[in-house]
Amino acid sequence: MTKRVNRPHIKRQPNPFVFVKEGDCLRCTSHRPNSKGRVQVNRKGKLFLVYRLLWEEQNGPIPAGKVLMHSCDNVWCHELSHLSVGTQLDNVRDSIAKGRQGPSHQGNPGPKHWNWKGGISQGYQIKMRKLRVSQG
Ligand SMILES: [Zn+2]
């Protein structure tokens, strides 16, 4: 027997965003950044980058295939004047030019050592030949 509990959907009031000026940049202090330092929000079950939402609010939707690039190189920055639209390729080129590409894509070191079994089995089997003494 299962008891049905009517759980009214609790609508949580979204946290207001708090931004703090850090140098020329704006850091979001009210929301936890992801592992890459970008702050994301959940909208209709999807994660959106906050600086992207802010930018789109002002400038309209970002064209498909385009990304937002930080001129300041701070991925956590929400200062709209630091953001510009570019392609992913631009972004990669930009990051290489700025030396942002870390040594994360180094080649596979490959197998290091083979687990050789040192001893070569030298167990020769000596077959004893039965000498047949012929009597004759
Ligand atoms: Zn910035």
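Please refer to the structure higher up on the page.
Model, not experiment: these values are computed from the prediction. (Residues numbered from 1 in each chain as written. Predicted model: local features only at pLDDT ≥ 70, side-chain atom pairs only at ≥ 80, totals over all residues.)

> Requested: an account of the pairing of strand 3 (residues 40-43), with residues and values cited.
Pairing of strand 3 with strand 4 (residues 46-49) involves four bridges; the strand directions are antiparallel. Residue pairing across strands places Arg43 opposite Lys46, the latter belonging to strand 4. Connecting the antiparallel pair strand 3 and strand 4 is a turn made up of two residues, with Lys44 showing a positive phi of about 55°. (Pairing = 2+ DSSP bridges. Helix = DSSP H or I, 4+ residues; strand = E, 2+ residues; numbered from the N terminus.)

> Can you lay out the nonpolar core for me, pointing to particular residues and giving the numbers?
With five residues, the main nonpolar core is built from Leu26, Tyr51, Leu68, Cys77 and Leu83. With sequence-adjacent residues up to four places away left out, Leu68 is seen in contact with Tyr51, Arg52, Trp55, Ile62, Leu83 and Val85. (Core = buried A, V, L, I, M, F, W, Y, C linked by C-beta atoms within 7 Å. Buried ≥ 20, exposed ≤ 12 C-beta atoms within 10 Å, placed from the backbone. Contact = placed C-beta atoms within 7 Å.)

> Go over the environment of Val50 with me, naming the residues and quoting the values.
Summarising the element assignment, Val50 is placed in helix 1 (residues 50-59). What Val50 contacts, discounting residues up to four positions off in sequence, is Phe17, Cys28, His31, Val39, Gln40, Val41 and His78.

> An account of unusual backbone geometry is needed here, citing residue identities and associated values.
Phi is positive for Lys44, which is not a glycine, with a value near 55°. Positive phi outside glycine occurs at Asp73, with the angle close to 70°. Tracing the chain through its elements places Asp73 in the loop between strand 5 (66-70) and strand 6 (83-87).

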